[in-house]
Amino acid sequence: MSETPMLDELEQGPWPSFVTEMKRAAEKKEAARDLINQLERSYVDRIGHWKHGGIVGVKGYGGGVIGRYSDLPEEFPAVAEFHTFRVNQPSGWFYTTEKLRQLCDVWDKHGSGLTNMHGATGDIILLGAPTSALQPCFDDLAEIGFDLGGSGSDMRTPSCCVGPGRCEYACIDTLDILYDVTMEYQNELHRPMFPYKSKIKISGCANDCVAAVPRSDIAIIGTWRDQIQVDQAAVAQYAAEGFDITGEVIALCPTKCMEYDAAAGTLHIEDSECNRCMHCLNLMSKALRIGKERGATILVGGKAPIVHGAMLSHVIVPFMKMEPPYTEFKELLEKIWDWWDENGKMRERLGELINRLGMRTFLKAVDLPPAPQMIRIPRANPYYFWDPEEVK
Amino acid sequence: MSTKTDFGPPNYKDLLPPVVEQNYGQWKFHERLKPGLLRHVADSGAELYTVRVGSPRLVSTDWIRDVCAIADLYCDGYVRFTSRHNLEFLVSDKDKVEPLMAFLRTQGYSIGGTGHAISNPVHTQGWIHCHTPATDASGIVKAVMDDLHEYFVDTKLPAYCRISLACCLNMCGAVHCSDIAILGIHRKPPKINHEIVQAKCEIPNVIAACPTGAIRPDPKNKSLTVNEDRCMYCGNCYTMCPGMPLADPIGDGVSIWVGGKISSARTPPKFSRLVIPFLPNHPPRWPEVTSAVRNIVEVWASHAHKHERMGEWIERIGWERFFDLSGIPFEVQLIDDFTLASETFRSTPTFKW
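(A) Structural detail: the nonpolar core. In this structure, I182(B), I256(B), V289(B), V293(B) and F322(B) are the most contacted members of the largest nonpolar core, which totals 66 residues. By residue number, the principal contributor to this core is helix α9 (residues 287-303) of chain B, which donates seven residues. Those residues in contact with I256(B) that sit more than four places away from it in its chain are I180(B), A181(B), I182(B), R273(B), L274(B), V275(B), I276(B), L279(B), V289(B), V293(B) and I296(B). Membership of the second largest hydrophobic core comes to 61 residues, among which are L189(A), L353(A), I354(A) and I185(B).

Right, dumping it as C-alpha cells:
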C-alpha cells in the first residue's frame, strides 16, 4: 500500500497535479521524496511541519535565499535543510528553451529538482537545497546569468506585465522600465536596508495585469492624456458582425463619454470626459487604440494586511513621461525611499507611514504638488493643519 | 573562483521571439479565437499566436524540459509565463497552431484561461514550504480547479473570475482583490513558549507587531503575555517571534472572500469581502471549500450581466441580495470591527428584503 494515500488522491482529476510533479522529482532526488512524505504527514496532522525561519545566504548578499528547516528532521532527513532561492526572472517572463534548460541543469545538480514557475512576487523559485549547496548553486547560476531576487527588508524583485512585447494596450515600455530599474537598484535588491519590504510593479495600462495597485508600494501604471484613436471603418465592421456596441460598450462606459450613432455607424468619444478605464478598448481592440501622448500614473502605498490592514495604492503623480533613462521616476523613487527610510518604524510599509504622518507631510517631503486626481473625495472632517508660514 | 554579484536578471532582449522583437510596441489588436488561443496582429501585418495552458506552478525540472521540447518543435524555442502562472506557447507559424493544440491535448495539458474564464489561481506555498500557514495551498487549488475545470477550458462565464489563495494573512498572493479569495486563518491565540521568547525574541518588536495591542510585557518572566480577548490570530507576533506559535489542527482552516477586483476597467479596484468566516481543513480535497466556491461561481454566473465582475454584480444587487441568492448564512464575523469598520455600515433605510 502507498505511504501517501492522500497525496495520491491529488493525482486524479483534470487539473495538472503538483503531486505528480513532486513524484517525478522524487525519482531522482531523495529530498523531493521526503518532501512528499512530510507533506502527507501535514495532511494527516492538519498542520505545517516547517520550523520558524533560519538565516542562510550566499556571499555578498543579504537576501535572496530563504532558510527553511523541517521540524521532523529525524523522520524526513532529506528535507532537514530545504532552503529556497528566489531567482530574478527576466522581464515579462519571456524565455528561450536554451535558457530554461541551463536553469534546469543547475537545479538538477544542486537542488531538489522542484521549482515554482513562478512565485507570487514574480521570481523563479528554486525550492529546496541544503545549506552546503547554496554557494555552489549560486556560483553556477551566476555562470548562466541568473542573479538572485529580493527577500527581507529590501527592494523586492520588481515585476511587470507583457507590455509592448505582445500587447496593444502598452502605454509604456514595461519590460525596459523593469530591466532598467532592476539593474539600477541592485544594491537595494540584494542588501536589506529598509524599514520593511518595498515592492515595485509596472503595468502597461489600467487593466493592471501584474496587480500593481493592490500589491506594490510603488505602482507604475501606463496611461495617455490625449485622445483614443478611433478607426471608424473598424467600428462599422464590429457593428456589421453583430457586435452590440450600444449594449456592451456604450452602456458600460463609466463616464458616459461615448455615443454610438447606429444609423451612421460611427462612434464619438468625448475624450476630455474619458477616465481611460480601458473597458471600450478591451472590447473593441480592432477599432480603438490608446492615445499617442503616453506616460504613466504613479501610485504608492499598496500592500496586503500585515500589519495595520490591506491598502490599495493611491495616486501621487497623475502623469509622468516614462522615457529612458527614466530619470524623473528614479529621482522621485529615491526621495520616497529616503523619506520612508528616515521616518519609517521597523516593519512599517510606505502606505502605513503615509497614513501615520499624513499625505500632506509626504507630499512636502517628496516635493509633489497636491492635485485633485490624488483623491476620490475631499475630507469631511475639520481636523486639518496649517504651516505657520501660511498664516500671516 | 570569485563569485560575481549584482549582475541582474538575464536581459529580456535576448529572450524575445523574432516576431516580438520585430513588432515590439507595434501591436495593433488581438482576438480570442477560441478558449486558450489568442491571435495578436501587428501594424506590419505580422501575427503571433499564443496557446495558453494551466500549470500546477509547483513543477519539476522534468516538466520544464518537457515544455522546452514542445516549444522547440512548435515555437522555435520560445515560451513565456503569465502573471497568473500560466504557461504560454508563442507560435509565429500559423500552420503549427492546431498541431500544437492537438499535441498538448494528447499530453494532458489544460488549454484555456483566456477571456471570460477562471484563470489559474495565484497561490502561496502552504504546508509544502511555509512556516506560518493555516492551511495548504497547492492541495486546495488542485481540488478547486479539478472541480471548476470546465470554466478554465471554456469561456462561458459573464466575465473574468480570478480565484486566489493565500495560506495565511501575510497573503503572498494578491488575494485581497480577487473575485474569490481563499484565505487560511487561525482561530486560536498564540501559545507562548517563554523559554523561546527569552532566548530568541526582541520583546518591543513583538509588542509593536500586534495590530490590536493585545501583547504586553511580562517583566516577571522576562517574556510576554497575550490578552486573548483582543487577539484576532493574525500571526504577526509569530512572524516576529518563534516562541508564539498559533497553528492548530482544530483552530486552523479557510475563509472565503468575494467581489475583489484588480483592473480599473469600468469600476475601480476593490477589496474582496468576507462571506464565509471559517471552513475546516479537510485534506486531501477540502470538500466544504470546493462546494462553497462552486456555489459562488454559479450564483454569479447565472445572475450577472455580461462583463459584470463578481464585485460589480454584488454592488448592483446589494450584499443582502447576495446572501439571499447564494444561501450563505450571514454570520457576525462578517461585520467589520477593525479600524475603519464604520465605513462599512449602512446609513440608510434603503435596502432590500
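(B) The arrangement of the pattern of salt bridges in detail. Residue and element names in this part refer to chain B. Scanning all chains against the criterion turns up 45 salt bridges over all chains. A salt bridge links R39 to E31; its shortest N-O distance comes to 2.3 Å. Note that E320 is salt-bridged to R346, the shortest N-O span being 3.0 Å. Linking E320 in helix α11 (residues 319-326) with R346 in the segment after α11, this pair joins segments that are 26 residues apart in sequence. Where salt bridges share partners, they join D147, E150, K156, R294 and E298 into one cluster.

(C) Representation of the interface of chain B and chain A. Counting residues at the interface gives 112 residues for chain B, matched by 116 residues for chain A. Taking both sides of the interface into account, the surface hidden between chain B and chain A amounts to around 10300 Å²; carbon and sulfur atoms contribute 60%. Scanning the region where chain B abuts chain A turns up 11 salt bridges. A salt bridge links D6(B) to R191(A); the nearest nitrogen and oxygen atoms lie 2.6 Å apart. In terms of residues, the side of chain B that touches chain A owes the most to one element, helix α2 (residues 61-74) of chain B, which gives 10 residues. Its residues assigned to classes, the side of chain B that touches chain A comprises 54 nonpolar, 36 polar and 22 charged. In terms of strand pairing, strand β4 (residues 114-117) of chain A meets strand β4 (residues 58-60) of chain B through three bridges, oriented antiparallel. Across the sheet, residue L114(A) finds its bridge partner in β4(B), namely S60(B).

(D) Fine view of the sheet that holds strand β1 (residues 65-66) of chain A. Pairing in this open sheet of five strands is antiparallel, and the strands run β1(A)-β2(A)-β5(A)-β4(A)-β4(B) from one edge to the other. The open sheet terminates on both sides in strands that have one partner only, identified here as β1 of chain A together with β4 of chain B. Helix α2 (residues 18-26) of chain A contacts β4 of chain A together with β4 of chain B of the sheet and is inclined by roughly 30° relative to β4(B).

(E) Representation of empty space enclosed by the protein in the model. All chains considered together, the criterion is met by six cavities of 30 Å³ or more. Here the largest cavity defines a volume of roughly 180 Å³. Surrounding the largest cavity, 21 residues form its lining, A120(A), V210(A), R215(A), S83(B) and V122(B) being those nearest its centre. Per-class residue counts for the lining of the largest cavity are eight nonpolar, nine polar and four charged. Reported here for the second largest cavity is a volume of approximately 110 Å³. Per-element tally for the lining of the second largest cavity: the top contributor is helix α11 (residues 279-283) of chain A, with three residues. Among the residues forming the lining of the second largest cavity, the class breakdown is 12 nonpolar, three polar and one charged.

(F) Just the sheet that holds strand β12 (residues 253-258) of chain B, in detail. All names here are of chain B. Reading across from one edge, β7-β8-β9-β12-β13 is the order of the five strands in this open sheet, with mixed pairing throughout. Of all the strands in the sheet, just β7 (122-123) and β13 (273-280) have a single pairing partner and so form its edges. For strand β9 (residues 180-185) and β12, the ladder comprises six bridges, and the chain directions are antiparallel. Pairing of I185 across the sheet is with G253, part of β12. Together, β8 (163-166), β9, β12 and β13 form the strand contacts of α9, whose direction differs from that of β13 by roughly 155°. Sheet strands touched by α11: β12 and β13. Its angle to β13, the strand with the most contacts, is close to 35°.

(G) Geometry of the packing of aromatic side chains. For the coordinates displayed, the defined rule picks out 24 aromatic pairs over all chains. Their ring planes at 70° and their centres at 5.7 Å tell us that Y43(A) and W127(B) sit as a pair that is edge-to-face. Of the two residues, Y43(A) is situated in helix α3 (residues 30-45) and W127(B) in the loop between β7 and α4 (138-147); the pairing between them involves two chains. W127(B) sits in the buried class, given a relative accessible area of 2%. With a centroid separation of 6.1 Å and an interplanar angle of 90°, the aromatic rings of F85(A) and W107(A) are classed as edge-to-face.

Calculation criteria
- Each chain carries its own residue numbering, running from 1 in the written order of its sequence.
- Naming scheme: in the order in which they are written, chains are lettered from A and ligands are numbered from 1.
- Given that the model is predicted, a residue must reach a pLDDT of at least 70 before its local features are reported, and side-chain atom pairs must reach 80 or more before they are shown or counted; all residues, however, enter totals for whole chains, interfaces and linings.
- Hydrogen atoms and water are omitted, and side-chain values are computed over all heavy atoms in the structure.
- In plain words, nonpolar cores are sets of buried Ala, Val, Leu, Ile, Met, Phe, Trp, Tyr and Cys residues tied together by side-chain atoms within 4.5 Å.
- Buried means the residue's accessible area, taken with a 1.4 Å probe over protein chains only, is under 20% of the maximum for its type, while exposed means over 50%, and partly exposed covers the values in between.
- Strands are runs of DSSP state E lasting at least two residues, helices are runs of H or I lasting at least four, and both sets are numbered from the N terminus onward.
- We call two residues in contact whenever any of their non-hydrogen atoms come within 4.5 Å of each other.
- Take a side-chain nitrogen of Lys or Arg and a carboxyl oxygen of Asp or Glu: if they are within 4 Å of each other, that pair is a salt bridge.
- What counts as buried area is the accessible surface, traced by a 1.4 Å probe, that two parts surrender upon association, with contributions from both included.
- Gly is placed with the polar residues, together with every amino acid not listed as nonpolar (Ala, Val, Leu, Ile, Met, Phe, Trp, Tyr, Cys and Pro) or charged (Asp, Glu, Lys and Arg).
- Here a strand pair is declared whenever DSSP counts at least two bridges between the two strands.
- Every angle, taken between N-to-C directions, lies between 0 and 180 degrees, and every axis is a line fitted to C-alpha atoms, over only the stretch in contact when it is a helix.
- Only protein atoms enter the 1 Å grid used here. Points where a 1.4 Å probe fits but cannot escape make up a cavity, open sets with protein on both sides within 12 Å along at least five of seven lines make up a pocket, and a residue lines them when an atom lies within 4 Å of a point.
- Grid points are joined across faces, edges and corners, and a volume is the space filled by probe spheres set on the points.
- Whether two aromatic rings pair depends on their centres lying within 6.5 Å, for rings of Phe, Tyr and Trp, where Trp uses its six-membered ring; planes under 30 degrees apart make the pair stacked, over 60 edge-to-face, and the rest tilted.

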